[in-house]
Amino acid sequence: MEVGPAEPDRDCPRCPRLVEFRETWRAKRPDWENAPVPSFGPVEARLLIVGLAPGLQGANRTGRPFTGDYAGDLLYATLTEFGFATGTYAARPDDGLTLIDARITNAVRCVPPENKPTGPEIATCRPFLVATMAEMPKLAAIVALGRIAHDTLMGTLGWKKSARPFGHGAVHAGSHGTSSTWPQRPLTVFDSYHCSRYNTNTGVLTPAMFRAVFSAVRAHVDGAAAR
Ligand code: URA
């Protein structure tokens, strides 16, 4: 299988609706990034966290996933608690926060109107997710934030969605890799409700529920290292 680039160009033309939205915001707010948001964290990481898409005034403004987004407050606090991040998260890309053995990416790299990417946009952006995973030689665990991230991951991995349905706290073990440049390796996907403002404000996701997922991830990654 051919694996392309892991990051879209700044002016990626693939999704007409997202290009139009990006251009609108470039005109309105030239001081914002208004571009596809690249993955954050070392390629040698064993853990990849897959979100949905940049928030308009968060990652789309700052250029770093979840940075300045409400969802980032819980995500970065939890990553720090479980040793996957160090430093102080201050909602700005120059806050010095460093990810340790973890990387964050989004299923869709460009900000969608109303935080809702369409099915075709998710499919169009999928080659970048494939390439992001392929460039991580030690990838052993993925946290899927929300059902859309889960579903797109199942498609990307060629794992049957019906056999591995999304569920908060669900753990799906399998393997990934389809070519000599991307050999088969064990991989475990951990599902979590997305840490969005809506989910946390409505109590769908509590900090304790989110911590439980990362506690399981920590144990898995540490156990895999010991084996
Ligand atoms: N910000 C991101 O970068 N991704 C999300 O999924 C939500 C907010």
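These numbers were taken from a predicted model, which means no experiment stands behind them. (Residues numbered from 1 in each chain as written. Predicted model: local features only at pLDDT ≥ 70, side-chain atom pairs only at ≥ 80, totals over all residues.)

Turning our attention to helix α5 (residues 147-157). All of the buried residues in α5 are Ile 148, Ala 149, His 150, Thr 152, Leu 153, Met 154 and Leu 157. Against the buried residues of α5 lie β1 (47-51), α4 (119-134), β5 (141-145), β6 (171-176) and β7 (185-192). Following α5 by one or two positions, Gly 158 has its phi on the positive side, about 75°. (Buried ≥ 20, exposed ≤ 12 C-beta atoms within 10 Å, placed from the backbone. Helix = DSSP H or I, 4+ residues; strand = E, 2+ residues; numbered from the N terminus. Contact = placed C-beta atoms within 7 Å.)

Now for the nonpolar core. One finds Leu 47, Leu 48, Val 50, Ala 107, Ile 142 and Val 143 to be the most contacted residues of the largest nonpolar core, which totals 59 residues. Counting residues per element, the ones that place at least two in this core are β1, α3 (70-81), β4 (102-106), α4, β5, α5, β7 and α7 (207-226). The element that contributes the greatest number of residues to this core is α4, accounting for six residues. Other than its neighbours up to four places away in sequence, Ile 142 contacts Leu 48, Val 50, Leu 153, Leu 187 and Val 189. (Core = buried A, V, L, I, M, F, W, Y, C linked by C-beta atoms within 7 Å.)

On the basis of which strands lie adjacent, the open sheet formed by five strands has the order β4-β1-β5-β7-β6 and mixed pairing. Each edge of the open sheet is held by one strand with a lone partner, namely β4 and β6. Strand-to-strand twist of the sheet, defined as the mean angle between neighbouring strand axes without regard to direction, takes the value 25°. Of the pairings in the sheet, the one linking β6 to β7 comprises six bridges and is antiparallel in character. Counterpart to Ser 175 in the pairing with β7 is Pro 186. (Pairing = 2+ DSSP bridges. Axes fitted to C-alpha atoms, helices over the stretch in contact; angles between N-to-C directions.)

This paragraph deals with the pairing of β1. Counting buried positions over the five residues of β1 gives five, a clear majority of the element. Both faces of β1 are covered, namely the face carrying Leu 47, Ile 49 and Gly 51 and the face carrying Leu 48 and Val 50. For β1 and β4, the ladder comprises five bridges, and the chain directions are parallel. For Leu 48, the partnering residue across the bridge sits in β4 and is Arg 103.

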